[in-house]
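Breakdown of the fold
Chain residues, written in single-letter form:
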Amino acid sequence: MIEALNIYLKQRLNLAERLGTLAILLLFLRPLPTFTFQTCVIAILLFFALVMLRVYDDLMQVKNDAEKPKRDYINWTSVLKKLLRISALIFCALTIVLDFKTGCLFVGFIVVNHLLYLSFVNNRFGALILPLLKYPVLFCCLQMYVWEANGLRLNGQSLLVFGAALFFAFLSVDLFDEPRTRGRIQITWLSLFFSFSCVLFYAPISLNTVLFGGLFFITSALLHLFKVPYSSYFFIILFTTFKLIFL
């Protein structure tokens, strides 16, 4: 069991990237969370959810990834699946205890997500899209919890727009790292455009917001076009900065 975890951690689980993703989801909340004990507990649970869902995706995509390099953990899938089941049960119980409504929503997502994986994971489009659903869903669950904790009303439009922004942003990151194929660059530019446009939808309309949005979009597109090293990281920094400046 220890060996299986060690192999998986070395080959697939970059904890720094998970922490970066955690920071992005937290920075997209409105209002931004203050540093309290409760916030720390939520951040830890969110980080655990990101790790757990990443492991789940890898285990569900074993057939798709079998030919790829550095996939030795595939030989330990039965052990990893047992650990994942135990972890999922503990996590779901904790989230329900913390907030019943949010916990039930997350459990519902796990069930629906699993059914979608069983149906579409071996489809090329499904294999690309399914791992990205966790980002808007986790954000929406967290945002609803923050609103309820602060006595604020639920804003369905805000959830939809910012959830879509995060979906397209993480789709862009995935496309940045994919091998170049016909139409891939155009699809990446479209996902970049939609990610910035969704944020711009809620930003105060002014010349500054339009100029900054256009500048950040063009910079991100050029980084991808010229295959600049770490271009996906530069994009996500620009994307998050754009949100923080104007919202």
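Here the structure is shown first, and the text comes after it.
Residues numbered from 1 in each chain as written. Predicted model: local features only at pLDDT ≥ 70, side-chain atom pairs only at ≥ 80, totals over all residues. Heavy atoms only, no water.

Focus: the state of the cysteines
- For the structure on display, the rule yields 0 disulfides.
- With no disulfide of its own, C140 lies closest to C141 among cysteine sulfurs, the gap being 7.1 Å. (Disulfide = S-S within 2.5 Å.)

Quick look at helix 9 (residues 156–177)
- Taking 1.5 Å of rise per residue, 22 residues should cover 32 Å, and helix 9 covers 32 Å from first to last C-alpha, within 8% of that figure.
- Here helix 9 starts with a cap whose side-chain oxygen sits 3.2 Å from the backbone nitrogen of Q157, and that cap is N155. (Helix = DSSP H or I, 4+ residues; strand = E, 2+ residues; numbered from the N terminus. Expected span 1.5 Å × (residues − 1). Polar contact = N/O pair within 3.5 Å; in protein donor to acceptor, adjacent residues only side chain to side chain.)

Digging into unusual backbone geometry
- Of note, the bond from R30 into P31 is cis; its omega dihedral lies within 30 degrees of zero at 0 degrees.
- Inspection of the secondary structure puts P31 in the loop between helix 2 (15–27) and helix 3 (37–60).
- In this structure, K227 takes a positive phi of about 55 degrees despite not being glycine.
- Tracing the backbone through its elements, the reader meets K227 in the loop between helix 11 (207–225) and helix 12 (231–246).
- Residues other than glycine seldom take positive phi values, yet Y230 does so here, at roughly 60 degrees.
- When you line up the elements, Y230 lands in the loop between helix 11 and helix 12.
- For Y230, a relative accessible area of 61% corresponds to the exposed category. (Buried < 20%, exposed > 50% of the residue type's maximum accessible area, 1.4 Å probe, protein only.)

Some points on empty space enclosed by the protein
- Scanning the model with the defined rule gives 2 cavities of 30 Å³ or more in all.
- Taken together, 15 residues make up the lining of the largest cavity; nearest its centre are F91, T95, T102, C141 and L142.
- Residue composition of the lining of the largest cavity, by class: 11 nonpolar, 3 polar and 1 charged.
- The volume enclosed by the second largest cavity comes to roughly 40 Å³.
- Every residue lining the second largest cavity is listed: L53, Y56, D57, F109, N113, Y117, L130, P131, L133 and K134.
- If you list the elements that add at least two residues to the lining of the second largest cavity, you get helix 3 and helix 6 (100–120).
- Tallied by class, residues from the lining of the second largest cavity come to 7 nonpolar, 1 polar and 2 charged. (1 Å grid on protein atoms, 1.4 Å probe; cavity = no way out; pocket = protein on both sides within 12 Å on 5 of 7 lines; lining within 4 Å. Points joined across faces, edges and corners; volume = space filled by probe spheres on them. Nonpolar A, V, L, I, M, F, W, Y, C, P; charged D, E, K, R; others polar.)

Side note on a nonpolar patch on the surface
- Taken together, W189, I218, L222, L225 and F226 make up a surface patch of nonpolar side chains, about 470 Å² in accessible area.
- When residues of the nonpolar patch are assigned to their parent elements, the largest contribution, 3 residues, is made by helix 11.
- Tracing the chain through its elements places L222 in helix 11. (Patch = residues over 30% accessible without salt bridge, like charges linked within 9 Å, V, L, I, M, F, W, Y side chains within 5 Å. Areas by Shrake-Rupley, 256 points an atom, 1.4 Å probe, with all protein chains shown as cover. Salt bridge = Lys/Arg side-chain N within 4 Å of Asp/Glu carboxyl O.)

With respect to helix 10 (residues 184–202)
- Over its 19 residues, helix 10 runs 28 Å from end to end, which matches the ideal 27 Å to within 8%, given 1.5 Å per residue.
- Buried within helix 10 we find R184, T188, S191, L192, S195, F196, C198, V199 and Y202. Buried residues of helix 10 fall within an arc of 150 degrees about the axis and therefore sit on the same side.
- Each element contacted by the buried residues of helix 10 is listed here: helix 7 (124–129), helix 9, helix 11 and helix 12. (Arc of directions from axis to C-beta. Contact = heavy atoms within 4.5 Å.)

Let's talk about the side chain of S220
- Relative to the elements of secondary structure, S220 occurs in helix 11.
- According to the relative accessible area criterion, S220 is buried, its value standing at 0%.
- Ignoring sequence-local partners within four residues, the contact set of S220 consists of F176, L192, F196, F235 and L238.

Section: the packing of aromatic side chains
- What the rule picks out here adds up to 23 aromatic pairs.
- Ring plane angle 80 degrees and centroid distance 5.9 Å describe the contact between F196 and F235, whose orientation is recorded as edge-to-face. Of this pair, F196 sits in helix 10 while F235 sits in helix 12, and the two are 39 residues apart along the sequence. Each member of the pair, F196 as well as F235, is classed as buried.
- Ring-pair connections join several aromatic residues into one group, and the members of that group are F28, F162, F176, F196, F201, Y202, F212, F216, F235, F239, F242 and F246.
- One Lys or Arg, K243, reaches over the ring of F28 and ends 5.7 Å from the middle of that ring. (Phe/Tyr/Trp six-rings, centres within 6.5 Å; stacked < 30°, edge-to-face > 60°. Lys NZ or Arg CZ within 6 Å of the ring centre and 35° of its normal.)

Geometry only, nothing functional implied.
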